[in-house]
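Reading the structure
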Amino acid sequence: MDKQKGAAERRTKVDRRSRSRPELKFFLFGGRRKSTRRGNDKKEFIYVDQYHPWLLVAILIVVILSISDGLFTLHLIGRGATEENPIMAWFLNLGTWSFMIAKFLLTCSAILILLVFHNVYFRPLRIQVKTIIPAFLVVFVAVLCWQILIDFLMN
């Protein structure tokens with residue numbers, strides 16, 4: 001009992017957990033948390049301070065594929081195709097810049113939401129959200145392959 005009392009009296013610093021906001025060094029240099037520490041935490045919502053490098057690469061590829069999809073869609077529309085997505089068709093009626101900006105912003109906002117919640121366990125599908133980001137890659141590659149096939153068949 002005396003050992004515990006002596007150890008508590010030797011502490012001179014303020015408990016870091018008592019602060020309600022992070023320190024400036026957190027914003028400048030980031031934190032250290034990269035993933036969950038316990039197995040039970042994998043099914044909970046955990047914010048992280050650092051992300052894996054593969055997430056950055058996957059997100060950059062998704063954004064590049066999204067921009068490519070938009071440009072290829074404009075190319076196909078110029079050759080006589082139509083936009084079947086009603087939301088994107090509405091933006092296309094506003095102009096090509098509106099279409100491309102909307103495509104970029106909608107893709108980036110979806111990716112940002114997935115990035116923030118990438119450690120969340122999505123119960124209906126029984127997967128973690130971070131497995132959806134590579135699925136975006138597959139979908140965009142499939143869409144681009146479909147557009148290339150349509151362009152080939154239009155010749």
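What counts and how
- Residues numbered from 1 in each chain as written.
- Predicted model: local features only at pLDDT ≥ 70, side-chain atom pairs only at ≥ 80, totals over all residues.
- Heavy atoms only, no water.
- Helix = DSSP H or I, 4+ residues; strand = E, 2+ residues; numbered from the N terminus.
- Buried < 20%, exposed > 50% of the residue type's maximum accessible area, 1.4 Å probe, protein only.
- Contact = heavy atoms within 4.5 Å.
- Areas by Shrake-Rupley, 256 points an atom, 1.4 Å probe, with all protein chains shown as cover.
- Expected span 1.5 Å × (residues − 1).
- Salt bridge = Lys/Arg side-chain N within 4 Å of Asp/Glu carboxyl O.
- Phe/Tyr/Trp six-rings, centres within 6.5 Å; stacked < 30°, edge-to-face > 60°.
- Axes fitted to C-alpha atoms, helices over the stretch in contact; angles between N-to-C directions.
- Parallel < 35°, antiparallel > 145°, perpendicular 65-115°, else oblique.
- Nonpolar A, V, L, I, M, F, W, Y, C, P; charged D, E, K, R; others polar.
- Arc of directions from axis to C-beta.
- Polar contact = N/O pair within 3.5 Å; in protein donor to acceptor, adjacent residues only side chain to side chain.
- pLDDT = per-residue confidence, 0-100.

1. As for the overall build of the protein
When helices and strands are counted, the protein shows six helices and two strands. In the protein, the succession of helices and strands from N to C terminus is α-α-α-α-α-β-β-α. Here the protein, with 155 residues, has 25% of them falling under the buried criterion. Taking contacts inside the protein between residues at least 6 apart in sequence as the whole, the part at least 24 apart equals 61%. Approximately 12,000 Å² of the protein is accessible, and the part contributed by carbon and sulfur atoms is 64%.

2. Notes on helix H3 (residues 53–78)
With 26 residues, H3 extends 38 Å between its outermost C-alpha atoms, agreeing within 8% with the 38 Å of an ideal straight helix rising 1.5 Å per residue. Among all positions of H3, only Leu 55, Ala 58, Ile 59, Val 62, Val 63, Leu 65, Ser 66, Asp 69, Gly 70, Thr 73 and Leu 76 are buried. Buried residues along H3 sit in contact with helix H5 (96–116) and helix H6 (132–154). A positive backbone phi angle near 115° is found at Gly 80, which sits one or two residues after H3.

3. Topic: the pattern of salt bridges
Across all of its chains, the model carries two salt bridges by this definition. Notably, a salt bridge pairs Asp 69 with Lys 103, separated by 2.6 Å at the nearest N-O pair. Taken as a pair, Asp 69 in helix H3 and Lys 103 in helix H5 lie far apart in primary sequence, 34 residues in all. A relative accessible area of 6% places Asp 69 in the buried class.

4. A look at the packing of aromatic side chains
Throughout the structure, instances matching the rule amount to one aromatic pair. For the ring pair Trp 90 and Phe 91, a centre distance of 5.1 Å and an interplane angle of 75° mean the geometry is edge-to-face.

5. Describing the packing of helix H4 (residues 86–94) against H5
Orientation of H4 relative to H5, taken along the N-to-C sense of each, is 140°, at an axis distance of 7 Å. Taken as axis vectors, H4 and H5 run oblique relative to one another. Listed contacts from H5 to Met 88, Phe 91, Leu 92 and Leu 94 of H4 are Ser 98, Phe 99, Ala 102, Lys 103 and Leu 106. Among the residues making up the contact of H4 with H5, the classes are represented as seven nonpolar, one polar and one charged.

6. What to know about the environment of Thr 107
You can see Thr 107 is positioned in helix H5. Using a relative accessible area of 10% as the deciding quantity, one classes Thr 107 as buried. In this structure the C-alpha to C-alpha distance between Thr 107 and Ile 67, which are 40 residues apart in sequence, comes to 9.2 Å.

7. Notes on H4
Burial in H4 covers these residues: Met 88, Ala 89 and Leu 92. Around the axis of H4, the buried residues are gathered within 105° of arc, so they sit on the same side. Structural note: H4 exposes Pro 86, Ile 87, Trp 90, Asn 93 and Leu 94 on the side pointing more than 90 degrees away from its buried face. Contacts made by the buried residues of H4 are with H3 and H5. Of the residues flanking the start of H4, the one acting as N-cap is Asn 85, its side-chain oxygen 3.1 Å from the backbone nitrogen of Ile 87.

8. Some words on the confidence of the model for the protein
Predicted coordinates in regions of low pLDDT should not be interpreted in detail. Of the residues in the protein, 68% reach a pLDDT of 70 or more, and the chain-wide mean stands at 79. Taken element by element, the predicted model of the protein shows its lowest mean pLDDT in helix H2 (residues 24–29) (53) and its highest in H4 (95).

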